[in-house]
Amino acid sequence: AAVRHLPYFCRGEVMKGFGRGSKELGIPTDERANFSEQVVESFPSSISTGTYYGWACVGNGDVHKMVLIIGCNPFYKNIKKSVVRILPYFKDNFYGEILSIVIIGYIRPEKNFSSLEALISAIQEDTVEAKRQLDLPEHLKLKEDNFFHLPEGKTINH
């Protein structure tokens, strides 16, 4: 059921995230930057919590491979559902910028982990799987989609 609405195209303003990704996980995450609750709540209900892969772009920048986690992150006992990108890691501060993503495929359901090491291992495996999937010709073509080309002065379009 998670794949019924895929690919799913989404765009929204970048908000400050949890800020623990690189620090605690040792993985280049952008947990420091999330979509607003409004954007997260607008996802179709058929896109269940879990780990996905796709493409991401900030503003009119380059399009990059992405791992996306949708959920409450039970390891951290979050209450509200959020969207966290694992890849790519954009070095610049881009709060307030428009983030465009296309979610292409589903990797696994959300789950809790017994340790931080188990969580890190799962994220590393998810990243390998996402890169493998996104190198397939049918997924590479979405990297060039016109959705990623924002007209000048474009405002947020949920």
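Residue positions within a chain follow its written sequence, with the count starting from 1. With the structure being a predicted model, the display of local features is reserved for residues of pLDDT at least 70 and the display and counting of side-chain atom pairs for 80 or more, all residues being used for whole-chain, interface and lining totals. To obtain the side-chain values, all non-hydrogen atoms of the structure were used and water was disregarded.

**Q** Residues and numbers for helix α3 (residues 116-134), please.
**A** Put simply, DSSP marks the helices as runs of H or I at least four residues long and the strands as runs of E at least two long, and each gets a number from the N terminus on. A helix is expected to reach a length of 1.5 Å times the quantity of its residues less one. Relative to the 27 Å expected for 19 residues at 1.5 Å per residue, α3 spans 27 Å between its end C-alpha atoms, a close match to the ideal helical length. Among the residues of α3, L119, I120, A122, I123, D126, T127, A130, Q133 and L134 are the ones counted as buried. Angularly, the buried residues of α3 cover 160° about the axis, an arc narrow enough to put them on a single face. Opposite the packed face of α3, turned more than 90 degrees from it, sit the exposed residues E117, E125 and V128. Each residue's exposure class comes from its accessible area (1.4 Å probe, protein chains only) as a fraction of the maximum for that residue type: buried when under 20%, exposed when over 50%, partly exposed otherwise. Throughout, the arc means that of the directions going from the helix axis to the C-beta atoms.

**Q** Lay out the nonpolar core with the relevant residues and their values.
**A** As a rule of thumb, nonpolar side chains are buried together in soluble globular proteins. In these notes, a set of buried Ala, Val, Leu, Ile, Met, Phe, Trp, Tyr and Cys residues joined through side-chain atoms within 4.5 Å is what counts as a nonpolar core. One finds F43, I101 and I103 to be the most contacted residues of the largest nonpolar core, which totals 18 residues. Elements represented by at least two residues in this core include exactly β1 (8-16), α2 (37-41), β3 (50-58), β4 (64-71) and β6 (98-109). W55, C57, V67 and I104 belong to the second-largest nonpolar core, a separate cluster that totals 12 residues.

**Q** Got a sec to walk through unusual backbone geometry? Specific residues and values, please.
**A** In this structure, the amide linkage connecting L6 to the following residue, P7, adopts the cis form with an omega of 0°. Among the structural elements, P7 can be located in the segment before β1.

**Q** Give me the packing of aromatic side chains: which residues, what numbers.
**A** Working definition: a ring pair exists when centres of Phe, Tyr or Trp rings (six-membered ring for Trp) sit within 6.5 Å. Plane angles under 30 degrees give stacked, over 60 give edge-to-face, the rest tilted. Under the defined criterion, the tally for this structure stands at 4 aromatic pairs. Residues F9 and F147 carry aromatic rings whose centres are separated by 5.1 Å and whose planes lie at 70° to one another, so their mutual orientation is edge-to-face. Remark: F147 occurs in the segment after α4 (137-140) and F9 occurs in strand β1; sequence separation between them is 138 residues. The class for F9 is partly exposed, based on a relative accessible area of 31%. For F147, a relative accessible area of 16% puts it in the buried group. Taken together, a centroid distance of 5.6 Å and an interplanar angle of 70° make the contact between F147 and F148 edge-to-face. Over the aromatic face of F147 sits the side chain of R11, whose NZ or CZ is 4.0 Å from the ring centroid. By definition, being over a ring means that NZ of Lys or CZ of Arg is both within 6 Å of the ring centre and within 35 degrees of the ring normal.

**Q** Quick rundown of the pattern of salt bridges? Include the residues and the values.
**A** The salt bridge definition used is simple: a Lys or Arg side-chain nitrogen within 4 Å of an Asp or Glu carboxyl oxygen. All told, the structure shown has 3 salt bridges when counted by the stated rule. Residues R108 and D126 are paired through a salt bridge, measuring 2.8 Å at the closest nitrogen-oxygen approach. A residue pair is termed long-range when its members are at least 10 positions apart, and R108 in strand β6 and D126 in helix α3 qualify at 18 residues. Judged on exposure class, the residue R108 and its partner D126 are both buried. A salt bridge links R132 to E129; the shortest N-O distance between them is 2.9 Å. Here R132 and its partner E129 are both found in helix α3, 3 residues apart, which amounts to about one turn of the helix. Assessed through its relative accessible area of 25%, E129 is described here as partly exposed.

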